[in-house]
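Summary of the model geometry
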Amino acid sequence: MIKEFERHLREKLLSENTIDVYVFAVKQFNSKYSSITRNNLKKYKVWLIENYKPQTVNLRIRAVNCYLEMIGKSSMKMTFVKVQQKAFIENVISEADYNYFKKCLWNDNEKNWYFVIRFMAATGARISELIQFKVEHIKAGYIDLYSKGGKLRRIYIPKALKEEALSWLSEKNQESGFIFLNRFGERLTPRGISGQLKTLAKKYGIDTAVVYPHSFRHRFAKSFLERCNDIAFLADLMGHESIETTRIYLRKTATEQRELVDTIIDW
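So, a few notes on the structure that sits alongside this text. (Residues numbered from 1 in each chain as written. Predicted model: local features only at pLDDT ≥ 70, side-chain atom pairs only at ≥ 80, totals over all residues. Heavy atoms only, no water.)

Within the protein one finds 14 helices and two strands. Viewed in the frame of its principal axes, the protein has a C-alpha envelope of about 60 × 55 × 35 Å. Residues counted as buried form 41% of the 267 residues belonging to the protein. Sequence separation of 24 or more characterises 60% of the internal contacts of the protein that already satisfy a separation of 6 or more. When the 45 basic and 30 acidic side-chain charges of the protein are each reduced to a single mean position, those positions are 6 Å apart. (Helix = DSSP H or I, 4+ residues; strand = E, 2+ residues; numbered from the N terminus. Buried < 20%, exposed > 50% of the residue type's maximum accessible area, 1.4 Å probe, protein only. Contact = heavy atoms within 4.5 Å. Lys, Arg positive; Asp, Glu negative; His and termini not counted. Charge placed at Lys NZ, Arg CZ, Asp CG, Glu CD.)

Our next topic: the packing of helix H2 (residues 16-32) against helix H4 (residues 54-70). Each pair of packed helices gets described by two things: the angle between the helix axes and the distance between those axes. Between H2 and H4, the least distance of the axes is 8 Å, while the angle of their chain directions is 80°. With respect to H4, the element H2 is oriented roughly perpendicular. Counted together, Val-21, Tyr-22, Phe-24, Ala-25, Val-26 and Gln-28 of H2 and Leu-59, Arg-60, Arg-62, Ala-63, Val-64, Cys-66 and Tyr-67 of H4 form the full contact between these two elements. For the contact of H2 with H4, the residue count by class is 10 nonpolar, one polar and two charged. (Axes fitted to C-alpha atoms, helices over the stretch in contact; angles between N-to-C directions. Parallel < 35°, antiparallel > 145°, perpendicular 65-115°, else oblique. Nonpolar A, V, L, I, M, F, W, Y, C, P; charged D, E, K, R; others polar.)

Another aspect to go through is a nonpolar patch on the surface. A contiguous nonpolar surface patch, about 530 Å² in accessible area, is contributed by Leu-260, Val-261, Ile-264, Ile-265 and Trp-267. On the secondary structure map, Val-261 appears in helix H14 (residues 254-264). (Patch = residues over 30% accessible without salt bridge, like charges linked within 9 Å, V, L, I, M, F, W, Y side chains within 5 Å. Areas by Shrake-Rupley, 256 points an atom, 1.4 Å probe, with all protein chains shown as cover. Salt bridge = Lys/Arg side-chain N within 4 Å of Asp/Glu carboxyl O.)

The biggest cluster of nonpolar side chains holds 41 residues, and the ones touching the most others in it are Phe-101, Phe-119, Phe-133 and Phe-216. Those elements that place two or more of their residues in this core are helix H5 (95-107), helix H6 (111-123), helix H7 (127-130), helix H8 (135-140), strand S1 (142-146), helix H9 (159-171) and helix H10 (190-203). If one sorts the elements of this core by residue count, H6 sits on top with nine residues. Setting aside its immediate chain neighbours within four residues, Phe-133 contacts Phe-119, Thr-123, Ala-125, Ile-138, Ile-143, Ile-155, Ile-157, Gly-177, Phe-178 and Ile-179. Counting 24 residues, the second largest nonpolar core, distinct from the first, contains Phe-29, Tyr-33, Cys-66 and Leu-68. (Core = buried A, V, L, I, M, F, W, Y, C linked by side-chain atoms within 4.5 Å.)

Turning to the environment of Glu-186, a few remarks are in order. Position of Glu-186 among the secondary structure elements: in the loop between H9 and H10. When near neighbours in sequence (up to four residues on either side) are disregarded, Glu-186 contacts Phe-180 and Leu-181.

Under the criterion given, the structure shown has 14 salt bridges. With its nearest N and O atoms 3.5 Å apart, the salt bridge here joins Arg-10 to Glu-6. Taken together, the positions of Arg-10 and Glu-6, both in helix H1 (residues 2-11) and four residues apart, correspond to about one turn of that helix. Classification of Arg-10 by relative accessible area gives partly exposed; the value is 39%. Sharing partners across several salt bridges, the network here consists of Glu-95, Arg-219, Glu-226 and Arg-227.

Residue placement: Thr-123 occurs in helix H6. Here the side chain of Thr-123 touches Phe-119 through a polar contact of 2.5 Å, landing on its backbone oxygen. Dropping the residues within four chain positions of it, Thr-123 is found in contact with Phe-133, Arg-153, Ile-155, Tyr-156, Ile-157, Pro-158, Leu-161 and Phe-220. (Polar contact = N/O pair within 3.5 Å; in protein donor to acceptor, adjacent residues only side chain to side chain.)

For H6, built from 13 residues, the straight-helix expectation of 18 Å at 1.5 Å per residue is met to within 8% by its first-to-last C-alpha distance of 17 Å. For H6, a buried count of 13 out of 13 residues is recorded, marking the element as mostly surrounded by other parts of the structure. Just beyond H6, the residue with positive phi is Gly-124, at close to 75°. (Expected span 1.5 Å × (residues − 1).)

On to the packing of aromatic side chains, then. How two aromatic rings sit relative to each other is set out by the distance from centre to centre and by the angle between their planes. For the structure on display, the rule yields 18 aromatic pairs. Here Phe-29 and Tyr-44 contribute two aromatic rings whose centre-to-centre distance is 5.3 Å and whose plane-to-plane angle is 85°, an arrangement assigned as edge-to-face. In this pair, Phe-29 is assigned in helix H2 and Tyr-44 in helix H3 (residues 38-51), connecting sequence segments 15 residues apart. When its relative accessible area of 0% is taken as the criterion, Tyr-44 is described as buried. (Phe/Tyr/Trp six-rings, centres within 6.5 Å; stacked < 30°, edge-to-face > 60°.)

Positive phi, normally seen in glycine, also occurs at Leu-13, with a value near 60°. Looking at where Leu-13 falls in the secondary structure, it is placed in the loop between H1 and H2. Assessed through its relative accessible area of 43%, Leu-13 is described here as partly exposed. In this structure, Asn-173 takes a positive phi of about 60° despite not being glycine. Mapped onto the fold, Asn-173 is located in the loop between H9 and H10.

Keep in mind that these numbers describe shape and distance, not what the molecule does.
Structural data, given as structure tokens:
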């Protein structure tokens, strides 16, 4: 049934990363319980709550619910847990650290990794979307991808980034194909990118807690709103189905809150 579930998810046009996460959740459930019953589902939910953060719990629940739907047991779907939204967003790389990171990578001729973080921070691409960029997309100035639910999403490549990337590709004599490759000429994987970014952050003395792929997507959103206060446009650029999802970027990071409090409050 797992193979069938994978096919089902691909038919729904979910990303490979999402498919991996959903399949993992179902395999996890199957490894703990011998059958799908309401009682076992309830036990699984309790176990998740005891071992994971609410966001992860809800992701696993969403995955198992999708599986239940596929096998015709929608009535057994689990309810999600309530996520208490914080008054600030955490672990977002600052613009200063991002610029410092870029400079270090460029100076050390780590061009591949320079463009990895550059593309994520300048386009807002998810890691699963980043590894799909090809030379042909750079030349066109955008990439069209199908997001969750089959919705078409266009990711624009800013003019300055396009020109810089084309110059880099010309240096490599690459005329076509995927642009983010490892030393064996194979496409980089989300896990490989995450691991190497942590290693490089440590090398340059940057807090590793703020260096992970999605952090640069957060940086894109924060920097965009600082320069253009159009949250509806940002929601479209980020591929959010609801503008409410995008509103989190109107909040400041904990560090920004600290600095403002220290600057403003003098009584």
